[in-house]
Amino acid sequence: MAKRSTLFIRIVEGKNLPIKDITGSSDPYCIVKIDNEAIIRTATIWKTLSPFWGEEYTVHLPPYFRTVSFYVLDEDSLSRDDVIGKVSISKELLTVKPQGVDGWMNLTEIDPDEEVQGEIHLQISVLGDGDIPRKLCCQVLEARDLAKKDRNGASDPFVRVRYNGKTYESVVKKSCYPRWNESFEFELDETLSDTGLLSVEVWDWDLVSRNDFLGKVLFNINKLQSAQQEEGWFRLGPDKSKHSEYEGTLGSLRLQLRLRDEVVLPSSHYKPLTELLSQSVGSQLNGNWPDFIMLIDETTTAESRQEVANNLVKLFLGQGLVKEFLDVLFKLELEKTTEPNTLFRSNSLASKSMESFLKVAGMQYLHRLLGAIINRIFEEKKYVELDPSKVELKEAGCAGLHRQQTESDIIQQSSSLLQSYLSELLTSILQSASYCPLLICQVFHQLYLRVQERFPDPEYRKVKFIAVTSFLCLRFISPAIMSPKLFHLREKHADARTSRTLLLLAKAVQTIGNMDTLACCSKEPWMVCLQPAIQQGITQLKDFITKLVSCHESEDLELQTRMSLQCGTMEKEGFLFLHRTKDKCMPMTSPFKKYYVTLSKDTLSYSRTQHSKKSSSISLPKIRAVEKVEEKCFGNSGLQETLYLDWLFDVSFVNELNHWLSALRKACSHNTNTMSCYHPGIYKADRWSCCHQKEKSDSGCDKTRHGVTLQEWYDPLDPDLEAQLIYQHLRTDSVRGEFSSLLSFCTVIVN
């Protein structure tokens, strides 16, 4: 039985941020931390005090996490980034609000005494009995993952144990993983009605400057006396919160968060439910529950529809029945539709399921389709504007040596550029029929035929094409053009100039997808200059759809099979800077070289380029842990026999680092003989650099983090998890009455 927590995060926007730059503005971005570990970095939104991010993430976490924090910083190219403020939300708050947290939250000042991290291992006991005076014994064993306060990348931590006016201290130099192994005893004052608190504090010792606070733990001795002994790892907490004079003056963040605890049982527990769902869409219905999907469609609320659609699509993909499932939804939607112009335009279960299907099955196709044109627009950064009311002459620059461009010049150049972009995009779309995944072709073929059967009259001859484009263009290609970062086409958001170009191109694609040039030009007459290109695009798109829905009949199935959806065959790939040991004869200017790294189903490998021969590889089942290590470890032979992934990076690489960590951890999630702890340092000069232990076989001073992963579009399918989530949806108060007999039939045991 697997247990984990899933946190849905949407960083919407900020407002009233303070000015940090001499230009009278700021360049804000957010860092998201789970218990002080940075896992997400948003894009930088340039020159604004009211940034809009609109970024969504799904993070899988172990159940024992404590807080999620959002730090807002101002990016500076020449100096260290300025910290603006933070918002911290506890797990307890998220737990008591299962519907989620949504709203504006004030940024608070960051106090160094509150920015603590790490854990300390203690054993506390009460000794003595009868006539013997009782003593309080505090054994301080070790600590791990302490904050780095010194320039050498470590700290000089000393522990301070205090009780009833008496204090003991002990220091360990140059370590964030100190092991004290010391015991301190105090006389218990039996005359006091309240025997007080035991305080264990950790500080970073500094010779010249003020000591830095690293965290503390407090124990109530009254409660301890009844238990006699307490031992374990205790999270270091902050000092008592101070009232900030900047309260409410640092701006606000609008956040949406929802925490979901998941308990996934063995597959056998979900067999009745998955069989029932499969029978409800299969070609041979058994007659017991033919209306099951229809009941789910009718009882799903607008708030939960997207999530339910995601779960159903992934479950049916795992069962090999997604085509049949979508066909059932197409028929249900068509039965309810009387006006062809409104077909699939609402946020119905059919529309949401098709959106989810395209994102899961078609993301690689989308990247190949749009990658070149999106990169071209980002690299050229041309000023493009068709709307006369929005033309800014100063943005366009000069036409010649001295002549300022006119409004007419700018619109004419913009029209030519957009037609060039549109022509390249349409050519790419036409060519994509040969590599579009076979499963997507089959689904669009079904949709095309169903609509043709429902609206056979000649006056509705365009409807079958519009049904396909309403998903392909309006809900898939066009949103990806407008927000390429959200579809993983770019690492960062576009600047204002590039965003406008992308928006105008997306409008043109939407117009072609609607197959109605007149409607667009009547609403936005300044788009009329694109009308010939749009009209030609409509003709080309019809030819493409005709070819696309016929791909399933192609004899060249080898290519189609190779390009079809293969869940879990390719986890991740891309360029990384990997460390290579320096050659003593030919010193390298940098110990890092750029390689193309590929994570497949069974191996992790790298090569000099994407298509060159593999230089090296490692079998995934041999990996025992995937963790960050200290920079000094690169190229050193003193590492444990563990795969460590890390490279020199600054904060702008947080996402890429965590994406690779997540992908590797998920790929190795079923490995046996995994490690529960490890050494982040190296064994050199007869000791570990991280914790100073001399025993080379020592198991480790820091815990591994197998459970912290980011959800990605290329994640392997987990039908058991999707079945559990669908079952939870059926048990909600709003739909339980409709499905009471079904739930009894399924007999899924959750507890």
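Attention in this report is confined to the structure presented alongside it.

Cut-offs applied
- Residues numbered from 1 in each chain as written.
- Predicted model: local features only at pLDDT ≥ 70, side-chain atom pairs only at ≥ 80, totals over all residues.
- Heavy atoms only, no water.
- Pairing = 2+ DSSP bridges.
- Helix = DSSP H or I, 4+ residues; strand = E, 2+ residues; numbered from the N terminus.
- Axes fitted to C-alpha atoms, helices over the stretch in contact; angles between N-to-C directions.
- Contact = heavy atoms within 4.5 Å.
- Salt bridge = Lys/Arg side-chain N within 4 Å of Asp/Glu carboxyl O.
- Buried < 20%, exposed > 50% of the residue type's maximum accessible area, 1.4 Å probe, protein only.
- Core = buried A, V, L, I, M, F, W, Y, C linked by side-chain atoms within 4.5 Å.
- Bend = angle between axes of the 7 residues up to and from the residue.
- Phe/Tyr/Trp six-rings, centres within 6.5 Å; stacked < 30°, edge-to-face > 60°.
- Lys NZ or Arg CZ within 6 Å of the ring centre and 35° of its normal.
- Expected span 1.5 Å × (residues − 1).
- Parallel < 35°, antiparallel > 145°, perpendicular 65-115°, else oblique.
- Nonpolar A, V, L, I, M, F, W, Y, C, P; charged D, E, K, R; others polar.
- Disulfide = S-S within 2.5 Å.

### A closer look at the sheet that holds strand β5 (residues 67–74)
For step 1, the next point in the chain: As summarised here, the arrangement of the four strands in space is β3-β2-β5-β6, forming an open sheet in which the pairing is antiparallel. Of all strands in the sheet, those with a lone pairing partner are β3 (37–41) and β6 (82–90), marking the two edges. The mean inter-strand angle of the sheet, taken between neighbouring strand axes irrespective of direction, is 25 degrees.
For step 2, the next point in the chain: Across seven bridges, the pairing between strand β2 (residues 28–34) and β5 is antiparallel. From the neighbouring strand, Ile-34 faces β5, where its bridge partner is Val-68.
For step 3, the next point in the chain: Relative to β3, helix α17 (residues 654–667) is tilted by about 110 degrees, and along the sheet it contacts β2 and β3.

### A short note on the pattern of salt bridges
For step 1, the next point in the chain: Summed over all chains, the structure comprises 26 salt bridges.
For step 2, the next point in the chain: Across the pair Glu-169 and Arg-160 runs a salt bridge, and its minimum N-O distance is 2.8 Å.
For step 3, the next point in the chain: Taking relative accessible area as the criterion, Glu-169 reaches 48% and is therefore assigned partly exposed.
For step 4, the next point in the chain: One network of salt bridges, in which partners are shared, links Arg-160, Arg-162, Glu-169 and Glu-201.

### Remarks on the sheet that holds strand β8 (residues 119–127)
For step 1, the next point in the chain: The strand order across the open sheet built from four strands is β12-β9-β8-β15, with neighbouring strands paired in antiparallel fashion. Of all strands in the sheet, those bounded by a partner on one side alone are β12 (179–187) and β15 (229–235). Mean inter-strand twist for the sheet, computed between neighbouring axes without regard to direction, equals 15 degrees.
For step 2, the next point in the chain: In this sheet, β12 lies alongside strand β9 (residues 135–144) in antiparallel orientation, the contact comprising seven bridges. By the bridge assignment for β12, Cys-138 is matched with Phe-184.

### Remarks on the nonpolar core
For step 1, the next point in the chain: With 109 residues, the main nonpolar core has Leu-277, Phe-316, Phe-357, Leu-370 and Phe-444 as its most contacted residues.
For step 2, the next point in the chain: If one sorts the elements of this core by residue count, helix α12 (residues 463–482) sits on top with 12 residues.
For step 3, the next point in the chain: Within the second largest apolar cluster, 36 residues are counted, among which are Val-140, Leu-146, Ala-147 and Tyr-177.

### Let's talk about α12
For step 1, the next point in the chain: The sharpest bend along α12 comes to roughly 40 degrees, located at Thr-469.
For step 2, the next point in the chain: Burial within α12 is extensive, with 17 of its 20 residues counted as buried.

### Observations concerning the packing of aromatic side chains
For step 1, the next point in the chain: Counting across every chain of the model gives 13 aromatic pairs.
For step 2, the next point in the chain: Taking the centre distance of 5.2 Å and the plane angle of 20 degrees together, the rings of Tyr-168 and Phe-184 count as stacked. A residue pair is termed long-range when its members are at least 10 positions apart, and Tyr-168 in strand β11 (residues 166–171) and Phe-184 in strand β12 qualify at 16 residues.
For step 3, the next point in the chain: According to the relative accessible area criterion, Tyr-168 is partly exposed, its value standing at 25%.
For step 4, the next point in the chain: For Phe-184, a relative accessible area of 5% gives the class buried.
For step 5, the next point in the chain: With a centroid separation of 5.4 Å and an interplanar angle of 65 degrees, the aromatic rings of Tyr-683 and Trp-688 are classed as edge-to-face.
For step 6, the next point in the chain: Using a relative accessible area of 2% as the deciding quantity, one classes Trp-688 as buried.
For step 7, the next point in the chain: Among the aromatic residues, those joined into a cluster by ring pairs are Tyr-163, Tyr-168, Phe-184 and Phe-186.
For step 8, the next point in the chain: One residue, Arg-41, lies across the ring of Tyr-29, its end atom 3.8 Å from the ring centre.

### Some points on the pairing of β11
For step 1, the next point in the chain: In this structure, strand β10 (residues 157–163) lies alongside β11, joined through six bridges in antiparallel fashion. Directly across from Phe-158, in β11, lies its bridge partner Val-171.
For step 2, the next point in the chain: Linkage of β10 to β11, two consecutive antiparallel strands, is achieved through a turn of two residues, within which Asn-164 is found at a positive phi near 50 degrees.

### Here's the deal with helix α18 (residues 719–730)
For step 1, the next point in the chain: Relative to the 16 Å expected for 12 residues at 1.5 Å per residue, α18 spans 16 Å between its end C-alpha atoms, a close match to the ideal helical length.
For step 2, the next point in the chain: Across the 12 residues that make up α18, a large majority, 10, are buried.
For step 3, the next point in the chain: Among the residues of α18, those classed as buried are Asp-720, Leu-721, Glu-722, Ala-723, Gln-724, Leu-725, Ile-726, Tyr-727, His-729 and Leu-730.

### Examining the packing of helix α3 (residues 271–281) against helix α4 (residues 292–299)
For step 1, the next point in the chain: Axis separation between α3 and α4 bottoms out at 8 Å; the angle between their running directions is 100 degrees. Comparing the axis directions of α3 and α4 gives the class roughly perpendicular. In this structure, α3 contributes Leu-273, Leu-276, Leu-277, Ser-280 and Val-281 to the contact, and α4 contributes Phe-292, Ile-293 and Ile-296.

### Section: the packing of α12 against helix α15 (residues 531–548)
For step 1, the next point in the chain: Contact pair α12 / α15: the axes reach a minimum separation of 11 Å and the direction vectors enclose 95 degrees. Relative to α15, the element α12 is oriented roughly perpendicular. Contacts between α12 and α15 involve Phe-465, Val-468, Thr-469, Leu-472 and Cys-473 on the former and, on the latter, Leu-541, Lys-542, Phe-544, Ile-545 and Thr-546.
For step 2, the next point in the chain: Broken down by class, the residue content of the contact of α12 with α15 amounts to seven nonpolar, two polar and one charged.

### Quick look at the state of the cysteines
Two cysteines form a disulfide when their sulfur atoms are joined by a covalent bond.
For step 1, the next point in the chain: Scanning all chains against the criterion turns up zero disulfides.
For step 2, the next point in the chain: Here Cys-138 is not cross-linked by a disulfide; its sulfur's nearest cysteine counterpart is in Cys-137, at 7.3 Å.
For step 3, the next point in the chain: Among the residues examined, Cys-138 registers a relative accessible area of 0% and is labelled buried.

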